[in-house]
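Remarks on the overall topology
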Amino acid sequence: MNIILIPFSLILSILLLSACQNESKKIIQEPPLKAKTERLLTVEQDVSNLLAKMTLAEKVSLAHASGKFHINAIERLNIPEMWLSDGPHGVRHQIERHTWKSAGWTDDQATYLPHLTSVAASWNVEMARLHGQVLGAEARERKKDFILGPGVNLARLPLYGRNFEYMGEDPVLAAKLVVPQIKAIQKNDVAATIKHYALNTQELNRIGVNAKPTERTLREVYLPVFEAAVKEAGVLGVMGSYNQYYGTNANQSKHLVMDILKGEWGFQGVLLTDWNVDINTYDAAMNGLDLEMGTEVDDYQDYFLAKPFLTMIEDGKIPSSVADDKARRILRVQHIIGMYDQNRHLGVRNTVEHQAAARKIAAEGIVLLKNEPVGSKPILPLDTNIIKNILVLGPNADKKHGTGGGSSEVKSFYEITPLAGLKAKFGDAVNIQVMRAKSSALSPIASDYVASRHWTGTPAWNISYFAEPARKTLLEESWIVDSQYKSTQPETVQYITMAAKIKPLAAGLHHLNVKVEGDFQLKINNKVVISSQANVRQVGKEITLHYAIKLNENEDYAFEVQYNGHEYFTLGWDAPGEFFADEAEYIAAAKKADAVIYFGGLSHGDDRESIDRLNMKLPNSQDEIIAKLIKANEKTIVFLVAGSAVEMPWVAQANAIVWGWYGGMEAGHAFADVLTGTVNPSGKMPITLPAKLADTAPIVLNDYNAEESLYSEGVFIGYRWFEQQKIKPLFSFGHGLSYTNFEISGLELSANNVSDDETLLVTAKVKNTGARAGAEVVELYLRDVEASVLRPNKELKGFAKVMLQPGETKTVSIHLNRRDFSFWDESSNNWLAEAGEFEIMLGNSLDNISQRAKFTLQPAQL
Ligand code: BGC
């Protein structure tokens with residue numbers, strides 16, 4: 001083994017230059033540097049000068065919203081108004097100043113970018129940079145000052161409704177990608193806002209649930225991505241999370257904010273609340289919250305950090321320096337992003353470069369999960385010399401996902417569906433037959449038709465629970481995403497009303513179908529169209545109801561269901577234009593086709609803000625249909641579009657499985673690029689795909705409920721849990737295949753010890769041993785062989801992606817510093833790298849380690 005010692009400063013510069021080995025041509029250049037350095041030099045002085053001129057009331061006016069997405073202007077001092085906007089994968093359409101309604105603008109479309117799950121799956125810092133550059137430039141063009149992203153809460157629980165917005169389950173992967181993403185956003189003179197700080201890992205009672213992880217779990221798992229954003233990327237905005245942290249709202253937690261964020265990490269930007277959070281004036285003011293947003297009161301003066309804050313300062317209960325600090329931070333951000341600068345970047349939106357970036361990121365995030373030979377070779381990439389007739393099915397074949405999911409919705413400039421992408425790719429060369437397979441079970445009305453929305457933007461039905469059949473005493477009101485109800489209290493009769501605005505996508509006869517145990521009534525525009533009086537207490541007696549009605553395209557209809565019972569109902573329909581084929585028909589077509597592509601997965605009816613999924617199954621009988629298709633044609637490709645893990649009971653039978661995420665407006669083109677081999681897939685899973693929900697830590701440890709979350713698995717999030725418990729997942733974290741093959745060899749370490757100012761350089765060779773050009777990710781995992789505390793068997797510590805021509809070999813370099821060897825030591829309350837033996841493992845997946853080396857860490861020098 002060659003041992004060379006390298007000074008840390010040199011390594012740092014190499015690290016910055018070579019963080020990504022991908023040779024992909026930069027298709028977008030960042031704006032050129034301007035007089036920004038000069039501007040930055042005077043920021044603190046300029047801010048102090050302004051602050052000295054402000055009254056106390058003016059300072060307080062900057063600590064709370066003055067519109068849904070606005071911060072007050074102070075005209076007297078030429079302090080401009082600030083505009084904020086969601087969100088992580090595109091600039092949201094314009095919302096009315098004082099309500100959640102759309103402002104009705106016609107020119108507020110944006111580039112709908114692949115979701116951050118896709119960036120995470122690319123394992124490529126260049127994709128993260130590109131994503132940030134597009135987002136920043138478009139936010140700026142829309143005159144936004146804060147963009148409310150990136151979102152980085154870790155995917156601890158597959159059911160978590162917001163996994164689709166974030167960067168997977170691993171703290172190091174997310175941290176390494178978030179840094180270039182934030183830097184690129186902010187280069188456009190827009191403040192990035194990393195969210196949600198911290199521990200927002202479920203939507204179930206997201207405002208009330210009390211997160212109680214140990215300090216070690218907090219530090220090692222849930223904070224590193226925020227820490228990197230603050231310390232390495234200089235993020236200017238941090239959004240607090242809805243949940244509680246040890247009994248107080250996370251936004252006003254002294255420990256999270258004053259001790260860590262603003263204390264240890266030295267955060268100089270603005271900590272803002274999420275929209276409508278349960279805080280109190282004193283704690284929020286004293287514990288470092290800078291800006292209150294979204295509180296649901298009629299008068300902005302009634303915000304906790306408005307009049308009540310001013311009064312407490314005037315009464316001497318809160319020092320005035322607290323208001324100074326909050327105002328200073330807002331003014332600081334304003335100056336850094338050039339709001340007082342003539343040359344502030346102007347931004348651009350919906351350019352062809354942005355569309356190309358969306359396609360590139362989407363393609364790099366696609367993960368080829370399985371590609372077994374059928375006959376002499378694997379099905380993918382599709383060989384169009386042989387494959388001339390393709391049957392395309394599945395709910396995501398022609399589905400758009402931009403306008404859904406909650407606050408991260410994007411009014412997309414356009415969106416290429418998978419079907420449109422295939423058609424564009426094949427032209428006349430391949431004949432595509434399209435079908436929608438009818439499942440044997442009744443499916444609820446798809447969310448595409450639901451025009452009413454939860455306030456976050458998620459298509460939803462309003463559900464009201466009453467005490468009696470006459471519906472006089474309202475017990476509870478809530479939201480539900482589907483026209484489907486299942487009682488969780490089978491002993492008690494429920495009296496519920498569910499209402500939604502439904503907008504047909506095509507005019508014509510809609511066949512409404514109901515399966516119900518109990519009494520059921522449906523009104524459309526106040527007229528009863530279905531009514532059944534069964535015996536509400538009679539269990540096990542399912543009845544089916546039917547009604548056909550002519551509806552107009554794009555017109556809103558008020559649907560209202562009244563249900564009395566203690567079991568369930570499903571209201572579904574056969575809508576015109578959906579062309580549902582029955583089993584005999586689609587199986588016959590599948591048998592005839594040269595290949596079948598089933599675009600299944602989830603939608604924002606499942607992956608959505610404010611509501612967790614109920615289980616990990618594919619909805620609407622997809623498993624049944626997929627299994628039948630695979631049986632009918634072994635050249636069936638299952639292509640899943642989803643933001644969080646799903647079960648795959650048919651996995652052993654499937655020969656080809658691809659995972660595509662929500663791929664943004666260019667998703668269809670990117671999917672077709674990979675299916676046909678124009679792009680060689682190089683994505684790797686940023687989440688574990690468990691075989692079943694019951695294998696996951698929060699479920700095994702009974703730690704998923706509405707009251708409190710103890711994070712009982714500790715630092716064993718995601719794959720660390722599966723490794724420790726020796727549970728085999730369906731597909732491992734870090735797994736992803738290519739159309740070529742790679743060999744990793746020649747692992748070398750630059751030293752046998754690292755001191756505090758040195759770093760260890762790990763190098764290895766990667767060779768493309770196949771016949772196609774392709775990119776491979778080398779993943780570095782670490783094991784502390786002699787740890788005094790329980791540590792994971794493998795912890796990701798670094799990675800490098802490299803593009804290789806057939807036969808080509810390149811060397812990749814990954815750097816480890818002392819912190820990488822450390823764990824959070826609860827007795828000294830600090831990071832501790834224990835001397836002793838470590839194992840360094842390299843592979844192209846967590847479960848495919850091909851290179852190992854031992855390394856002895858010497859004790860720290862005093
Ligand atoms: C979400 C945030 C979002 C905010 C503003 C909240 O519901 O949790 O992520 O930025 O709304 O739309």
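Residues numbered from 1 in each chain as written. Predicted model: local features only at pLDDT ≥ 70, side-chain atom pairs only at ≥ 80, totals over all residues. Heavy atoms only, no water.

Let us look at empty space enclosed by the protein. Tallied over the entire structure, the rule returns 7 cavities of 30 Å³ or more. If you list the elements that add at least two residues to the lining of the largest cavity, you get helix 18 (697–700) and helix 19 (719–725). For the lining of the largest cavity, the residue count by class is 12 nonpolar, 5 polar and 3 charged. Roughly 100 Å³ of internal volume is contained in the second largest cavity. Looking at the second largest cavity, it is lined by 16 residues, and the ones nearest its centre are Asp 86, Asp 274, Trp 275, Ser 407 and Glu 609. Here the residues of the lining of the second largest cavity are counted per class, giving 7 nonpolar, 3 polar and 6 charged. (1 Å grid on protein atoms, 1.4 Å probe; cavity = no way out; pocket = protein on both sides within 12 Å on 5 of 7 lines; lining within 4 Å. Points joined across faces, edges and corners; volume = space filled by probe spheres on them. Helix = DSSP H or I, 4+ residues; strand = E, 2+ residues; numbered from the N terminus. Nonpolar A, V, L, I, M, F, W, Y, C, P; charged D, E, K, R; others polar.)

A word on the sheet that holds strand 5 (residues 191–197). Ordered by their spatial adjacency, 7 strands build an open sheet running 1-2-3-4-5-7-10, and the pairing between neighbours is mixed. In this open sheet, the two strands that pair with only one neighbour each are strand 1 (65–67) and strand 10 (270–272). Two elements, strand 3 (residues 82–85) and strand 4 (residues 146–147), share 2 bridges in a ladder whose sense is parallel. In the strand pairing of strand 4, Leu 84 is matched with Phe 146. Where helix 6 (residues 171–186) meets the sheet, it contacts strand 4 and strand 5, and its direction lies at approximately 140° from that of strand 5. The strands that helix 9 (residues 254–264) touches are strand 5, strand 7 (237–240) and strand 10; relative to strand 5, the one it contacts most, it runs at about 130°. (Pairing = 2+ DSSP bridges. Contact = heavy atoms within 4.5 Å. Axes fitted to C-alpha atoms, helices over the stretch in contact; angles between N-to-C directions.)

Across all of its chains, the model carries 26 aromatic pairs by this definition. With 5.7 Å between their ring centres and 55° between their planes, Tyr 485 and Tyr 563 make a pair best called tilted. Of this pair, Tyr 485 sits in strand 19 (residues 484–486) while Tyr 563 sits in strand 25 (residues 557–565); the two residues are 78 residues apart in sequence, bridging distant segments of the chain. Here Tyr 485 falls in the buried class, since its relative accessible area comes to 5%. Positioned over the ring face of Trp 824 is Arg 219, at 4.1 Å from the centre of the ring. Between Arg 819 and the ring centre of Trp 831, over which it is positioned, the NZ or CZ distance is 3.6 Å. (Phe/Tyr/Trp six-rings, centres within 6.5 Å; stacked < 30°, edge-to-face > 60°. Buried < 20%, exposed > 50% of the residue type's maximum accessible area, 1.4 Å probe, protein only. Lys NZ or Arg CZ within 6 Å of the ring centre and 35° of its normal.)

Bringing the pairing of strand 5 into the picture now. For strand 5, the buried fraction is high: 7 of the 7 residues fall into the buried class. Here strand 4 runs beside strand 5; their pairing, made up of 2 bridges, is parallel. If you follow Ile 147 over to strand 5, its bridge partner there is Ala 192. Crossover strand 4 to strand 5 through helix 6 is right-handed. Across 4 bridges, the pairing between strand 5 and strand 7 is parallel. Residue pairing for strand 7: Tyr 197 is matched across the bridge by Gly 240. (Right-handed = clockwise from strand over helix to strand, strands pointing away.)

With that out of the way, let us pick up the site of the ligand. Around the ligand sit 17 residues in total, of which Asp 86, Arg 162, His 196, Asp 274 and Glu 609 are the nearest. Arg 92 has a polar side-chain atom sitting 3.3 Å from an oxygen atom of the ligand. At a separation of 2.5 Å, an oxygen atom of the ligand approaches a polar side-chain atom of Glu 609. If the ligand stood free it would expose 310 Å²; the protein chains cover 100% of that surface. According to the grid-proximity analysis, the pocket containing the ligand is the second largest cavity. Classifying every residue of the shell around the ligand by side-chain character gives 7 nonpolar, 3 polar and 7 charged. (Near = heavy atom within 4 Å. Polar contact = N/O pair within 3.5 Å; in protein donor to acceptor, adjacent residues only side chain to side chain. Areas by Shrake-Rupley, 256 points an atom, 1.4 Å probe, with all protein chains shown as cover. Sits in = over half its atoms within 2 Å of the grid points.)

In this model, the chain carries an average pLDDT of 92, and 94% of its residues clear a pLDDT of 70 or more. Predicted confidence for residues 29–34 stays below pLDDT 50, and this span has 16 contacts to residues more than four positions away or in other chains. (pLDDT = per-residue confidence, 0-100.)

Let's shift gears to the side chain of Lys 326. Mapped onto the fold, Lys 326 is located in helix 12 (residues 320–336). Salt bridges are absent for the buried Lys 326, whose nearest opposite-charge side chain, Asp 290, sits at 4.4 Å. Contact partners of Lys 326, with chain neighbours within four places excluded, come to Ala 63, Ala 284, Ala 285, Gly 288, Leu 289, Asp 290 and Phe 309. (Lys, Arg positive; Asp, Glu negative; His and termini not counted. Salt bridge = Lys/Arg side-chain N within 4 Å of Asp/Glu carboxyl O.)

Bringing the sheet that holds strand 32 (residues 742–749) into the picture now. Across the sheet, 3 strands lie side by side as 32-33-36; this open sheet has antiparallel pairing. Every other strand in the sheet has two partners, leaving strand 32 and strand 36 (809–816) as the edge strands with one partner each. Direction aside, neighbouring strands of the sheet carry axes that sit 25° apart on average. As judged from the 8 bridges shared by strand 33 (residues 760–768) and strand 36, these two strands associate in the antiparallel manner. Within strand 36, the position partnered with Ala 764 by the bridge is Val 812.

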